[in-house]
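Coordinates in review
What follows is each chain in one-letter form.
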Amino acid sequence: DGHAAYLVVTLGAEGAMLCSRFGVTSSSTKTSTTTDNDDTIEFRYRPARVMEMEDVKNCTGAGDTLVGAFAKALLDGKDNYRALEIGMEAAIESLKCGDRAIPTTLR
């Protein structure tokens, strides 16, 4: 088995970048794509979904919402790129919510 670490960099209206680091603890799973220390590093870019500026009500908490939904999606077994998509959609819902940082529709 191994471990994984993630870094999400939000780019505002430009989208987000996901850096994933996967480590292996067994030499039997080592592939040619790993580095010398048995870690594989992957970078993925996800463009933002276009939304109208008048739909943006509140920016507070959008990044926290993205990361929370991303982590939940990973725990639910989604792959890292799908988890990023879910996180970004949750952040968009947060941006549309004028009366609180996190919309009550998120589960």
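Residues numbered from 1 in each chain as written. Predicted model: local features only at pLDDT ≥ 70, side-chain atom pairs only at ≥ 80, totals over all residues. Heavy atoms only, no water.

A short note on the confidence of the model for the protein chain
- Per-residue confidence for the protein chain gives a mean pLDDT of 80; residues scoring 70 or more make up 77%.
- Within the protein chain, the lowest mean pLDDT, 84, falls on strand E2 (residues 16-24), and the highest, 93, falls on helix H1 (residues 62-75).
- In this model, residues 25-34 is a region of pLDDT below 50 whose contacts with residues beyond four sequence positions or in other chains number nine contacts. (pLDDT = per-residue confidence, 0-100. Helix = DSSP H or I, 4+ residues; strand = E, 2+ residues; numbered from the N terminus. Contact = heavy atoms within 4.5 Å.)

Focus on the nonpolar core
- Counting nine residues, the largest nonpolar core consists of Ala16, Leu18, Leu66, Phe70, Ala73, Ala83, Leu84, Met88 and Ala91.
- Mapped by element, the contributors of at least two residues to this core are E2, H1 and helix H2 (80-95).
- When residues of this core are assigned to their parent elements, the largest contribution, four residues, is made by H2.
- Setting aside anything within four residues of it in sequence, one finds Ala83 in contact with Phe70, Ala73, Leu74 and Lys78. (Core = buried A, V, L, I, M, F, W, Y, C linked by side-chain atoms within 4.5 Å. Buried < 20%, exposed > 50% of the residue type's maximum accessible area, 1.4 Å probe, protein only.)

Things to note about a nonpolar patch on the surface
- A cluster of nonpolar residues, Leu7, Val9, Leu11 and Tyr45, forms a patch on the protein surface that exposes about 340 Å² of accessible area.
- Its location among the elements puts Tyr45 in strand E3 (residues 39-46). (Patch = residues over 30% accessible without salt bridge, like charges linked within 9 Å, V, L, I, M, F, W, Y side chains within 5 Å. Areas by Shrake-Rupley, 256 points an atom, 1.4 Å probe, with all protein chains shown as cover. Salt bridge = Lys/Arg side-chain N within 4 Å of Asp/Glu carboxyl O.)

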